Amino acid sequence: DGVYAVDLRRWEHEGVLKRIEEIIAKNNDCKMFDDIDQTPFDMAFHLPSLRGERQDFAIVSEKWNHVGLGWKESMNASFIKDAGILHWTGRHKPWLAD
């Protein structure tokens, strides 16, 4: 699970969309794309760094991607209060009726 913050002008300049589209075209029949919608994005950014090329992503503090909301039974209230983004990854979401 992740949160993406994107510089669209840089994406266009670096050809990121084309890279993602090529990954999807080459792997469209792959079962890993069935339930995981961000896999092509992850591959577009991680594969070049695995080949020793420039790493084109930043890993930020979990404050900016606090996961577990909507499925974890207990949460640390102070951590939630200090979170920058509340990432509702579970099936229970405050805007949906259970």
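Residues numbered from 1 in each chain as written. Predicted model: local features only at pLDDT ≥ 70, side-chain atom pairs only at ≥ 80, totals over all residues. Heavy atoms only, no water.

J.: Explain helix 2 (residues 16-27) to me, please; I cannot follow it from the model alone.
T.: Since one α-helical turn is 3.6 residues long, residues separated by three or four positions face the same way. The terminal C-alpha atoms of helix 2, which comprises 12 residues, lie 17 Å apart, in line with the 16 Å expected from a rise of 1.5 Å per residue. Turning to helix 2, its buried residues number three or more, namely V16, I20 and I23. Down the axis, helix 2 shows its buried residues gathered within 60 degrees of arc, on one side only. Residues of helix 2 that are exposed and point over 90 degrees away from its buried face: L17, K18, A25 and K26. (Helix = DSSP H or I, 4+ residues; strand = E, 2+ residues; numbered from the N terminus. Expected span 1.5 Å × (residues − 1). Buried < 20%, exposed > 50% of the residue type's maximum accessible area, 1.4 Å probe, protein only. Arc of directions from axis to C-beta.)

J.: Before we go on, may I ask you to explain the packing of aromatic side chains in this structure?
T.: Two descriptors summarise a pair of aromatic rings, namely the distance from one centre to the other and the angle between the planes of the rings. The tally for this structure, following the rule as stated, stands at 1 aromatic pair. Here the aromatic rings of W11 and F41 are separated by 5.9 Å at their centres, their planes lie at 40 degrees, and the arrangement is tilted. Here W11 is found in helix 1 (residues 8-14), whereas its partner F41 is found in helix 3 (residues 39-50), with 30 residues between them in sequence. (Phe/Tyr/Trp six-rings, centres within 6.5 Å; stacked < 30°, edge-to-face > 60°.)

J.: What am I meant to see in the layout of surface pockets here?
T.: In this approach the atoms are scanned with a rolling probe the size of a water molecule, which exposes any empty space left behind. Size it by volume and the largest pocket reaches roughly 720 Å³. V3, Y4, A5, F57 and A58 are, among the 23 residues lining the largest pocket, the residues nearest its centre. For the lining of the largest pocket, the secondary structure elements donating two or more residues are helix 1 and helix 3. Among the elements that take part in the lining of the largest pocket, helix 3 stands out by supplying 4 residues, more than any other. A class-by-class count of the residues in the lining of the largest pocket yields 14 nonpolar, 4 polar and 5 charged. (1 Å grid on protein atoms, 1.4 Å probe; cavity = no way out; pocket = protein on both sides within 12 Å on 5 of 7 lines; lining within 4 Å. Points joined across faces, edges and corners; volume = space filled by probe spheres on them. Nonpolar A, V, L, I, M, F, W, Y, C, P; charged D, E, K, R; others polar.)

J.: Got a minute to help me understand the pairing of strand 1 (residues 66-69) in this structure?
T.: Where a strand is regular, its side chains alternate between the two sheet faces. Pairing analysis gives 2 bridges linking strand 1 to strand 2 (residues 86-88), with the strands arranged parallel. Its bridge partner lying in strand 2, L69 is registered against W88. Read as a crossover between parallel neighbours, the route from strand 1 over helix 4 (residues 77-82) to strand 2 is right-handed. (Pairing = 2+ DSSP bridges. Right-handed = clockwise from strand over helix to strand, strands pointing away.)

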